[in-house]
Amino acid sequence: MSRGGEPRGAVDASSRVERIDAYRWRVPRRGGMRTEGLIFADQELMAGLVDDQAIEQVANVAHLPGIVGPSIAMPDIHWGYGFPIGGVAAFDASDGVVSPGGVGYDINCGVRLLATPLGIADVRPRLAALMDALFAAIPSGVGAARSDVKLSRPDLDGVLRDGARWAVARGYGRDGDLEAIEANGTLPDAEAASVSDRAKERGKSQLGTVGSGNHFVEVGYVAERFDERAADRLGLAPGIVTIFIHSGSRGLGYQVCDDSLQAMLAAADRYNITLPDKQLCCAPLHSPEGRHYWGAMNAAANYAFANRQMMAHYARGAVAQVLGQTAAEGTRLVYDVCHNIAKHETHDVAGRPRRLCVHRKGATRAFPPRHPDLAPQFRDLGQPVLIPGDMGRCSYVLLGTDGAYRETFGSSCHGAGRRLSRHRAKQLARSRNIPRELEAQGILVRAATRATVDEEMPEAYKDVTRVVDVVHAAGIGRKVAQLKPIGVVKG
Amino acid sequence: MSYRFLPHTGDVAVELVAPDEAGLRAAGIDALRELLVGTSPVREVVERPIAPQGRDAGEQLVRFLEEALYLYDAEGFVPARGSAAGVLGEPFDPARHTPAGEVKAVTYHQAAVRRDAAGLHVTVVFDV
């Protein structure tokens, strides 16, 4: 760390990497690192990392007790807190740790993709009305809340226990939706009782809201297909209009993380854990603190699944209102992924199956074809991996690969990755009108505040095509289709 | 007592400088207020006490700011100024307060208080 106060063993900001091949870089083991780091990037993406602390954060994660394999970062890696964003780390399920900072505050932040039955030519003439309807139907912005969804405490406990299944059972969606959600939208280890009253208070009126920051609802269309057979199987015909939803567990998840950090900081001495960054604090998986966090984290993840399920329901309502009931009935869920989560999974390590706790912070599970955890409809394809880019360029749909399973504990990237700080983006946007610029490109923006749009301007992000090309070339994901935006709702 | 925003790619980093820990808390509230409601004027109508928690000065500062954030997020209490016992402020009023952005949390990343000739310094990273 470049600033004072870190214990011995920390890797300083002058850390550099060693190139392994065109898409892989090693962070050599040094100081208190228990393993080396492995970063996926090409030369240009790596050049963008040398001036900040993202590489150092990969090294810091390698200090965590019980880490198995390297501390990994995806090509969309950027500087976060504790773990880098785009980080993946696995820990032995028996004697390893769980780290709330390795999941992040927005537990089960993730992405959901819907495909309508309509082509862009059908939708373009009604696009403004569709964007208005989506903006009205899905509350966005700071502190967004719903007045039409009042959750009693038993209801909220049901959300925490059953996730998307709770929502579908109450009419927010269809049974078939659940098969197209990672883990079918319900994580069974959830313990509603482990979620504090403060967290429940923060989350009770936010279900079905997108929030602010980099969260969005985006309308796009299938612009290019790289694997026609797979794209057809996923319902991504050429020119078909799609709806991306990006959000997570809202204030409830933030509070679950914060509650657990406090408990684990207090327990660090008891478990004799010393780390280069307090935000990496952790506890043994089977300790009281670890078990408590595990139950609460899974419950918050279920809240996020239910949140995206409800937003998809409201999006179908907006489609029905503007494009007709038939269009809404034909709007199907392509897939829903988590990209801030920790999960128990079995992976081959040194030729033997080993039960691990895999942390993905800004990374997407990318299981290969034939993996038993995939729903039958995806078993021969591999897991769909949804990669939203910035609101001006494009997004991608990928599939999981055997390469990802071998090299990254079945993980791939999660987005473009920020390039500019929010402060710098706002400075650059001050003399411009970003919504008007996007409109000139045929992209309509509906936003609660101008500040969020400015912070999220396309130039604030890396080029997602470059990120995805690295993933594809390195074999940790396989390109299926590119989507281009035509409208976005921002908080 | 002052605060200034530092470059940070993913989130928002703020450097706080003050002669003492009470000053750091006050500077932290000023930074948090700017992140939450920008330049909207906030009146000092009510004082909400915040009990000190945490093992060292850095943790205590993060916990203090986290509590102020909770009051805003869960109860709509907008912070105006840090006080000796907690935070002064008023209920959110959409006619006078314009939300500037969402702050998810106050992190412990880099939050180590250090002293030099100018006083106490600390960097606080807000997850936004």
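Now for a description of the structure that goes with this document. (Residues numbered from 1 in each chain as written. Chains lettered and ligands numbered in written order. Predicted model: local features only at pLDDT ≥ 70, side-chain atom pairs only at ≥ 80, totals over all residues.)

1. A closer look at the overall build of chain A
- A count of helical and extended segments in chain A gives 17 helices and 19 strands.
- Each of the three principal axes of chain A carries a C-alpha extent, and together these read 60 × 50 × 50 Å.
- In chain A, the proportion of contacts linking residues at least 24 apart, taken out of those at least 6 apart, comes to 78%. (Helix = DSSP H or I, 4+ residues; strand = E, 2+ residues; numbered from the N terminus. Contact = placed C-beta atoms within 7 Å.)

2. Some thoughts on the pairing of strand β1 (residues 2-6) of chain B
- Of the pairings in the sheet, the one linking β1(B) to strand β2 (residues 12-18) of chain B comprises five bridges and is antiparallel in character. When the bridges of β2(B) are listed, Ser2(B) appears paired with Val17(B). (Pairing = 2+ DSSP bridges.)

3. Here's the deal with the interface of chain B and chain A
- Taken together, the 28 residues of chain B in the interface contact 39 residues of chain A.
- When residues of the side of chain B that touches chain A are traced back to their parent elements, those giving at least two are α2 (57-75) and β8 (119-127) of chain B.
- Counted by class, the side of chain B that touches chain A contains 12 nonpolar, eight polar and eight charged residues. (Nonpolar A, V, L, I, M, F, W, Y, C, P; charged D, E, K, R; others polar.)

4. Regarding the environment of Gly487(A)
All names here are of chain A.
- Its place among the elements puts glycine 487 in strand β19 (residues 478-490).
- When the C-alpha positions of glycine 487 and aspartate 336 are compared, they lie 20 Å apart, and in sequence the two are 151 residues distant.
- Those residues in contact with glycine 487, other than ones at most four positions away along the chain, are Leu127, Leu130, Met131, Val219, Ile443 and Leu444.

5. Overview of the sheet that holds strand β13 (residues 352-361) of chain A
Residue and element names in this part refer to chain A.
- Spatial strand order, β1-β2-β3-β4-β5-β13-β12: seven strands in an open sheet with mixed pairing. Every interior strand has two partners, whereas the edge strands, β1 (18-21) and β12 (340-349), have only one. Direction aside, the axes of adjacent strands within the sheet are offset by 30° on average.
- Bridge analysis of β1 against strand β2 (residues 24-27) gives three bridges, and the strand direction is antiparallel. Bridge pairing links glutamate 18 to arginine 26 in β2. (Axes fitted to C-alpha atoms, helices over the stretch in contact; angles between N-to-C directions.)

6. Quick notes on the packing of helix α1 (residues 21-37) of chain B against α2(B)
All names here are of chain B.
- Where α1 contacts α2, the axes come no closer than 10 Å and their chain directions differ by 35°. At the point where α1 passes α2, the crossing takes the right-handed sense. Residue-level contacts link Glu21, Leu24, Arg25, Gly28, Ile29, Leu32 and Leu36 of α1 to Ala57, Leu61, Phe64, Leu65, Ala68, Leu69 and Tyr72 of α2.
- Each residue belonging to the contact of α1 with α2 can be placed in one class, and the counts come to 11 nonpolar, one polar and two charged. (Left-handed = near helix turned anticlockwise from the far one by under 90°.)

Shape descriptors only; they carry no functional weight alone.
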